[in-house]
Amino acid sequence: MLTQRFLFLTVLSGFILTGSQAAYADSSDGERLYTKHCSVCHGSKGSGGVGIPLDLESFLNSISDEYLIKTIEHGRVGRTMPAFKKLGDENIQALVKYIRSFTNTEAVTFDPTPIKGNIEHGKALFKSKCASCHGDHGQGGKGTGVTFSRPRDLSIIPPALNNAGFLASASDEMIKHTLMTGRKNTPMNSFLKQGLSESDINDVVAYIRHFETKQVPKLRDQKLDAIIMAESPYSLEETLESLKKAVIGKNFRIIRQQTVDDGLVDKNKQNKKQIILYFCNFQFLNESLALDPRIGLFLPCRVTIVQQGDSVKVMAINPLRLSKLFNNDELDDACKNMSNLYTEIIEEATL
Ligand code: HEC
Ligand code: HEC
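Residues numbered from 1 in each chain as written. Chains lettered and ligands numbered in written order. Predicted model: local features only at pLDDT ≥ 70, side-chain atom pairs only at ≥ 80, totals over all residues. Heavy atoms only, no water.

A. Expanded view of the packing of helix 7 (residues 119-129) against helix 11 (residues 198-210). Interaxial distance between helix 7 and helix 11 falls to 7 Å at its minimum, and their mutual angle equals 95°. As judged from the angle between their axes, helix 7 and helix 11 are roughly perpendicular. Contacts between helix 7 and helix 11 involve Ile119, His121, Gly122, Lys123, Leu125 and Phe126 from the first element and Asp200, Asp203, Val204, Ala206, Tyr207, Ile208 and His210 from the second. Residues that form the contact of helix 7 with helix 11 fall into these classes: 7 nonpolar, 3 polar and 3 charged. (Axes fitted to C-alpha atoms, helices over the stretch in contact; angles between N-to-C directions. Helix = DSSP H or I, 4+ residues; strand = E, 2+ residues; numbered from the N terminus. Parallel < 35°, antiparallel > 145°, perpendicular 65-115°, else oblique. Contact = heavy atoms within 4.5 Å. Nonpolar A, V, L, I, M, F, W, Y, C, P; charged D, E, K, R; others polar.)

Here's what the structure looks like:
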């Protein structure tokens, strides 16, 4: 477990770094850009990992360059794939050229005309033929992909199809082509060979396209508060004491309290008016980590108390808001519990 978490965090920190890199002014070297920004997830030369493989002939011979460009630009919001628009057109072109060099296949161009189909029928087919891998609502396989939350026998995590980034990148004809031919050497097989007719496939494509009109989670639309916060009528010291009582009353153990700037400035220069209280309950910790190791990002639980002038504020990051980044319903449930817990503790301490 420890090594897995470590590995994940390594990958995640790689991801944060790559996500925030600014444009390269002087380089259009696709291989270098790929190594820097993509290989951590997609493997060296596209062999796959957390991200799906990019070196398969069956993938590269069934997509357009436009699909690659848009996918790199938009990423897949809410999934692990970051957006790389910041790299700029030239660098993205260089990346596409490098990815194309993985095989000898040619790019395909697709007719952009939308495909018409029966959405209701497509929905029924989707439920019976696709949902087991791509999720009930096309939300994709769970987890990060390597060994955490997906079945070990599924070698590649099924991508999200209700994703704004995917829908903005893929044309109807491209989706249709993927369903007709499948992707050899992946779990995604041809549905023509599995008995669907071309008209059935059009219906499924129409259903996938209709996700665009649905309110699929878009981060910017989230109305959730990022922070749970309350003003305390008591002094900082009193608030801290009642916070501790509230935490213990919920069967949590206090781990430690420290100033926010602890370890950053000399002990005697620390601001005693900004305190973080850490607490945990090992059953809660173990249950949560078993559900999804990524919950370790939110643990141990912590609440911050800050005094500014006469006003004392108690606050915590809202785990539910962060959880939305990971697209895992179970994680959402755990984070909803944490969110409620924080709210109750903060309310009790400031009542
Ligand atoms: C056994 C699991 C499985 C089933 C069943 C399945 N898929 Fe897939 N699908 C995958 C995997 C895995 C991939 C990624 C393949 C790759 O590596 O290129 C994929 C890729 C795709 C893609 C390309 C998406 C992208 O981001 O490149 C589409 C579109 C798609 N599937 C649609 C469907 C539809 C529609 C159905 C039902 C008719 C279906 N799939 C059934 C596993 C599955
Ligand atoms: C943090 C991990 C991560 C990084 C970094 C990353 N990707 Fe991805 N990428 C993914 C995942 C995961 C998916 C599948 C999306 C899903 O699961 O819904 C994906 C999907 C893709 C796809 C769509 C593949 C398909 O079958 O349709 C392309 C193309 C792609 N990434 C290219 C890149 C490129 C190029 C870079 C570097 C500029 C990059 N990715 C960086 C994780 C990553």
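B. Molecular detail of the sheet that holds strand 3 (residues 274-280). Reading across the sheet, the 5 strands line up as 1-5-4-3-2 and stay open at both edges, with antiparallel pairing between neighbours. What marks the edges here is a single partner per strand, and that holds for strand 1 (227-232) and strand 2 (253-259). Across the sheet, the mean angle from the axis of one strand to that of its neighbour is 20°, orientation sign disregarded. Of the strand pairs in this sheet, strand 4 (residues 301-308) and strand 5 (residues 311-317) are connected by 5 bridges, and their pairing is antiparallel. Looking at strand 5, one finds that Gln307 is bridged to Val312. This element, helix 12 (residues 236-249), spans strand 1, strand 2, strand 3, strand 4 and strand 5 of the sheet and lies at about 165° to strand 4. Each of strand 1, strand 3, strand 4 and strand 5 touches helix 15 (residues 329-350); the most contacted strand, strand 1, lies at about 5° to it. (Pairing = 2+ DSSP bridges.)

C. Spotlight on the packing of helix 2 (residues 30-37) against helix 6 (residues 89-100). Running from amino to carboxyl end, helix 2 crosses helix 6 at an angle of 95°, the nearest separation of the two axes being 8 Å. One finds that helix 2 runs roughly perpendicular with respect to helix 6. Residues Gly30, Glu31, Leu33 and Tyr34 of helix 2 pack against Asn91, Ala94, Leu95, Tyr98 and Ile99 of helix 6. Residue composition of the contact of helix 2 with helix 6, by class: 6 nonpolar, 2 polar and 1 charged.

D. Structural detail: the packing of aromatic side chains. Considering all chains together, one arrives at 9 aromatic pairs under this definition. Geometrically, the ring pair formed by Tyr34 and Tyr98 is tilted, given 5.5 Å between the ring centres and 55° between the ring planes. Remark: Tyr98 occurs in helix 6 and Tyr34 occurs in helix 2; sequence separation between them is 64 residues. Ring centres 6.4 Å apart and planes at 85° place the aromatic pair Tyr67 and Phe166 in the edge-to-face group. Remark: Phe166 occurs in helix 9 (residues 164-169) and Tyr67 occurs in helix 5 (residues 65-74); sequence separation between them is 99 residues. Classification of Phe166 as buried rests on a relative accessible area of 7%. The rings of Tyr34, Tyr98 and Phe102 are connected pair by pair, giving a single aromatic cluster. Here Arg256 stacks its cationic end above the ring of Tyr278, 4.1 Å away from the centre of that ring. (Phe/Tyr/Trp six-rings, centres within 6.5 Å; stacked < 30°, edge-to-face > 60°. Buried < 20%, exposed > 50% of the residue type's maximum accessible area, 1.4 Å probe, protein only. Lys NZ or Arg CZ within 6 Å of the ring centre and 35° of its normal.)

E. The arrangement of the state of the cysteines in detail. Evaluated as defined, the whole model comprises 0 disulfides. Left unpaired, Cys280 is separated from the closest cysteine sulfur, that of Cys301, by 6.0 Å. On the basis of relative accessible area, Cys280 is assigned to the buried category, the value being 3%. Using a relative accessible area of 0% as the deciding quantity, one classes Cys301 as buried. (Disulfide = S-S within 2.5 Å.)

F. Local environment of the site of ligand 2. With respect to spatial proximity, 26 residues lie near ligand 2, and among them Cys38, Cys41, His42, Tyr67 and Met81 are the closest. At 2.8 Å from an oxygen atom of ligand 2 is found a main-chain nitrogen or oxygen belonging to Ala160. Where the shell around ligand 2 is concerned, the elements lending two or more residues are helix 3 (39-42), helix 5 and helix 6. In terms of residue count, helix 5 provides more of the shell around ligand 2 than any other element does, 4 residues in total. Considered class by class, the residues forming the shell around ligand 2 number 18 nonpolar, 5 polar and 3 charged. (Near = heavy atom within 4 Å. Polar contact = N/O pair within 3.5 Å; in protein donor to acceptor, adjacent residues only side chain to side chain.)

G. Local environment of the site of ligand 1. Around ligand 1, a shell composed of 23 residues is seen, among which Cys130, Cys133, His134, Arg183 and Met188 lie nearest. At 3.3 Å from an oxygen atom of ligand 1 is found a side-chain nitrogen or oxygen belonging to Tyr67. Contact between ligand 1 and His134: a nitrogen atom at 2.8 Å from a side-chain N or O atom of the residue. At the level of secondary structure, the elements contributing two or more residues to the shell around ligand 1 comprise helix 8 (131-134), helix 10 (172-181) and helix 11. Its residues placed into classes, the shell around ligand 1 shows 17 nonpolar, 3 polar and 3 charged.

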